[in-house]
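Results of the structural survey
This is what each chain is made of:
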Amino acid sequence: MTGLEGQVDGGLYEARQKIYPRDIDGRFQRLRTAAAWVLLGIFYAIPWLRWGGRQAVLFDLPARQFHLFGLTLWPQDFYYLTWLLVIAALSLFFFTALAGRLFCGYACPQTVWTETFLWMERFVEGNRAQQMRLARAPWSGEKLLRKAAKQFLWITFSLWTGFTFVGYFTPIGELAGSIAHLGTGPWETFWVLFYGGATYVNAGFMREQVCKYMCPYARFQSAMFDRDTLIITYDEKRGEPRGARKKSVDYKAKGLGDCVDCTVCVQVCPTGIDIRKGLQYECIACAACIDACDEVMDKVGYPRGLIRYDTQSGLEGKRKRVMRPRTLVYATLLALLATGFGYSITHRNLVGVDVLRDRNALYRERPDETVENVYNVKILNKDAKAHEFVITASGIPGIVVSYGSSTVWAGPGQVQGVPVRVRIPEDALEGGADIQVSIQATDAPELRATGKARFLAPSD
Amino acid sequence: MFGAHRPEYAGKLRWPRLGQDVAIVLWPSFLVASVATMVCFAFLDPALVGNDDYPPPAFSTRMTGYAVGFFFFWLVSTLSSLLTLYLVRTAHPDAPERDKAADGNRGDG
């Protein structure tokens, strides 16, 4: 595996040659196409799903709440997001240890969108040879037409992608309506263009360069590899020495290996590498070379698998081990974290309370020989329906609460602020003490929460 | 490597240096800025930033607050990446050998 030494080569402005991956069919390419359809389908369809009268998945940033089907998450639930990111990272480690860069080949947005842009390019400009011929040809009416048609497809698809992305943060129905009337808000317009533009540049032009220069995962994935990790590899022992041969000749007698040196594996590679040079960090494990080589092996009548998914141990003819300490540790941690996450998110406390002291007065001595402090109590109702809450206080003998009415209503997903007067007998306290302010739903006693506050009294 | 073989690509398959530099400065800082924005605004509501009576105009709405925050973080992390890249690129390439030679001289003396 090459390290950092590859980074600084090349002149400052020397142009890069575009890579034209040749289209190939085969079992892994059909799997990748299926994965792309499923993932893109999920991405483009989810914002349109409805749940209980509103968008099923909506990260409502202006209102500071995330809707995920029946679940509403608040900024206070931020640690769930952190938890989820840890689970995602650990899954990546686990699958990398197990089967190498599965993520890169089948699920990475960069790969999936690049693949989609390649389909559009092939649809308009034809196969690899036709594309290269078109690129070399002088400008003509036909070239202009084909290039314009490709740009039209790319730009339309990018804008739709940007629109869908913003649809995760703004109700997508309203967004579609406002676009139809050209009345989109400035930030919505900006983010549609920003994400659409990023898609266009990343998938249309930068492509494999993103994996080569910009992706940190490509650099540190080797740390998760061991001798039992599945990688895409060329069987050098079987293939070498490579060379062209006539079908009638006994190539083994001539001392040749199974590789006919047709270079199809290089032509199909989206990163332009030669897999026969060994494992390289540019390889995104798309398995195009496997399908290509299998097809050639079928044609010449040799067994398949000259290029294949295998492990280092497998290549050396040793036993393959899926269960090993590394994968077991990852799997156990992953199972624990996922179970904990599921339990915690279904059993989380649906109400919260925040108690803030009124800034204007420290305390008030009342004619009825009590001392009064004023607080602003914020009741957070994370439940999907409205509840009626009772507020109580404790911590000082004889403490009573008065808040105008006997109960407070908080709607679903609402933060209800209410000014609360707390009184204690004059002789109960000198100076200050901590008190607890509790809320409890009248119709669901399990919905309760307690907040802490400081009560101040004269100290003479 | 294994004898004569027709190269599939005659030209460079890598980006020019300038392209690499722009990419490795802007992209990691974008990732870091995204995370920083998420963490920052999970705890900070841009609608509550500033004096109650005079909110800074940049934070007139939450969406503006988020966007200003994101681009601020991106700018800061870009500057940091840029400095790191500059230091890496301008490091004397044979510095380790010179250090070794100096040690050797001391040992001989």
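Residues numbered from 1 in each chain as written. Chains lettered and ligands numbered in written order. Predicted model: local features only at pLDDT ≥ 70, side-chain atom pairs only at ≥ 80, totals over all residues.

Quick look at the overall build of chain B
Of the regular secondary structure elements, chain B holds 3 helices and 0 strands. Its helices and strands in sequence order give chain B the pattern α-α-α, from N to C terminus. Split into buried and exposed, the 109 residues of chain B put 10% on the buried side. Relative to all contacts within chain B whose residues are 6 or more apart in sequence, the contacts with residues 24 or more apart total 63%. (Helix = DSSP H or I, 4+ residues; strand = E, 2+ residues; numbered from the N terminus. Buried ≥ 20, exposed ≤ 12 C-beta atoms within 10 Å, placed from the backbone. Contact = placed C-beta atoms within 7 Å.)

Observations regarding the sheet that holds strand 11 (residues 387-394) of chain A
Strand pairing in a sheet relies on backbone hydrogen bonds, with the paired strands running either antiparallel or parallel. Residue and element names in this part refer to chain A. Within the open sheet, the 4 strands sit side by side as 13-11-15-16. Their pairing is antiparallel. Strands at the two margins of the open sheet, each flanked by one partner only, are strand 13 (408-410) and strand 16 (448-456). On average, adjacent strands in this sheet sit at an angle of 35° to one another, irrespective of strand direction. Relative to strand 13, strand 11 runs antiparallel, the two being bridged by 3 bridges. Within strand 13, the residue paired with E388 across the bridge is W409. (Pairing = 2+ DSSP bridges. Axes fitted to C-alpha atoms, helices over the stretch in contact; angles between N-to-C directions.)

As for the nonpolar core
All names here are of chain A. Membership of the largest hydrophobic core comes to 28 residues, with the highest contact counts inside it found for I232, C265, I275, A288, C289 and I307. Counting residues per element, the ones that place at least two in this core are helix 9 (208-214), strand 6 (231-234), helix 12 (264-267) and helix 13 (288-300). When residues in this core are grouped by element, the largest group, 5 residues, is from helix 13. Beyond its immediate chain neighbours, meaning those up to four positions away, I232 contacts I275, C283, A285, A287, C289, I290, I307 and Y309. (Core = buried A, V, L, I, M, F, W, Y, C linked by C-beta atoms within 7 Å.)

A short note on the sheet that holds strand 5 (residues 71-73) of chain A
All names here are of chain A. With antiparallel pairing, 3 strands are arranged side by side in an open sheet as 3-4-5. Every interior strand has two partners, whereas the edge strands, strand 3 (57-60) and strand 5, have only one. Looking at each pair of strands side by side, their axes are set apart by 10° on average, direction ignored.

Some remarks on the pairing of strand 10 (residues 370-381) of chain A
Residues and elements named next belong to chain A. Pairing between strand 8 (residues 351-357) and strand 10: 7 bridges, direction antiparallel. Paired with V355 across the strands is V377, a residue of strand 10. Bridge count for strand 9 (residues 364-365) against strand 10 is 2 bridges, and the pairing is antiparallel. Each residue of the ladder has a partner; that of R364, found in strand 10, is E372. Taking the residues between adjacent antiparallel strands as the criterion, strand 9 and strand 10 are bridged by 4 residues, where E369 takes a positive phi near 60°. Pairing between strand 10 and strand 14 (residues 414-425): 12 bridges, direction antiparallel. What sits directly across from I379, in strand 14, is Q416.

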